[in-house]
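Results of the structural survey
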Amino acid sequence: MFDLPEKITIWNKGKNSGYGENTWDGPYIVDARIAFRQEKFTDANGDTRMSKAVCYTESELLNTKSVVYLGASTEESPITEADDVRSMSSTPSGTGLRKAWF
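Described below are features of the structure shown in this document. (Residues numbered from 1 in each chain as written. Predicted model: local features only at pLDDT ≥ 70, side-chain atom pairs only at ≥ 80, totals over all residues. Heavy atoms only, no water.)

Remarks on the overall build of the protein chain
The test is simple: Helix and strand definitions follow DSSP, with helices as H or I runs of at least four residues and strands as E runs of at least two, each counted in order from the N terminus. Exposure categories follow from relative accessible area, calculated using a 1.4 Å probe and restricted to protein chains: below 20% of the type maximum is buried, above 50% is exposed, and the middle band is partly exposed. Should any heavy atoms of two residues lie within 4.5 Å, those residues are considered in contact.
Scanning the protein chain from N- to C-terminus turns up zero helices and nine strands. Element order for the protein chain, N to C, with α for helix and β for strand: β-β-β-β-β-β-β-β-β. In terms of overall dimensions, the protein chain has a C-alpha envelope of 45 × 30 × 25 Å along the principal axes. Looking at the 102 residues of the protein chain, the share that counts as buried comes to 36%. Partitioning the intrachain contacts of the protein chain with sequence separation of at least 6 by distance along the chain shows that 54% fall at a separation of at least 24.

Laid out in structure tokens, this is it:
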């Protein structure tokens, strides 16, 4: 099993509140491995970008529309330090790990 010693907090967009604001599902605090490093990745538009951080997690709650704080937060909506997931991939070898670029 891959060691996931850190925590990330995930918020996913919920329904529109009816007042022009999104509601948020979460926060979901899950185990992860975080690396604060720059790494090239390809975004959804096919453009090559540079990340400011990456993380690995087994959580299926994480997706390309998630907003993530690299740490633990109990706030009901994303905090200012949270980042959008810019791209994702699944790792090979049946590990169940998912990689996200920020």
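Considering the pairing of strand 2 (residues 22–35)
Put simply, the rule reads: Strands are treated as partners if at least two bridges between them are detected by DSSP.
The sheet contact formed by strand 1 (residues 6–16) and strand 2 spans eight bridges and is antiparallel. Its bridge partner lying in strand 2, Lys13 is registered against Trp24. Looking at chain direction, strand 2 and strand 5 (residues 54–57) are connected through three bridges and run antiparallel. If you follow Arg33 over to strand 5, its bridge partner there is Tyr56.

Comments concerning the nonpolar core
Using the following cut-off: Residues belong to one nonpolar core when they are buried, are Ala, Val, Leu, Ile, Met, Phe, Trp, Tyr or Cys, and are joined through side-chain atoms within 4.5 Å.
Formed by 14 residues in total, the largest nonpolar core has its most connected members in Ile8, Leu62, Val68, Leu70, Val85, Ala100 and Phe102. In terms of residue count, strand 2 provides more of this core than any other element does, three residues in total. Dropping the residues within four chain positions of it, Leu62 is found in contact with Ile10, Thr57, Val68, Val85, Met88, Arg98 and Ala100.

Some points on unusual backbone geometry
Pro27 follows Gly26 through a cis peptide bond whose omega is 10°. Residue placement: Pro27 occurs in strand 2.

Observations concerning the side chain of Lys99
Put simply, the rule reads: Identification of polar contacts relies on pairs of N or O atoms within 3.5 Å, with a donor-acceptor requirement for protein atoms, meaning one able to donate a hydrogen and the other able to accept it, and with residues adjacent in sequence counted only if both atoms are side-chain atoms.
Looking at where Lys99 falls in the secondary structure, it is placed in strand 9 (residues 98–101). In terms of polar contacts, Lys99 uses its side chain to reach the side chain of Glu39, at 2.5 Å. A polar atom in the side chain of Lys99 sits 3.4 Å from the side chain of Tyr56. Those residues in contact with Lys99, other than ones at most four positions away along the chain, are Glu39, Val54, Cys55, Tyr56, Ser87, Met88 and Ser89.

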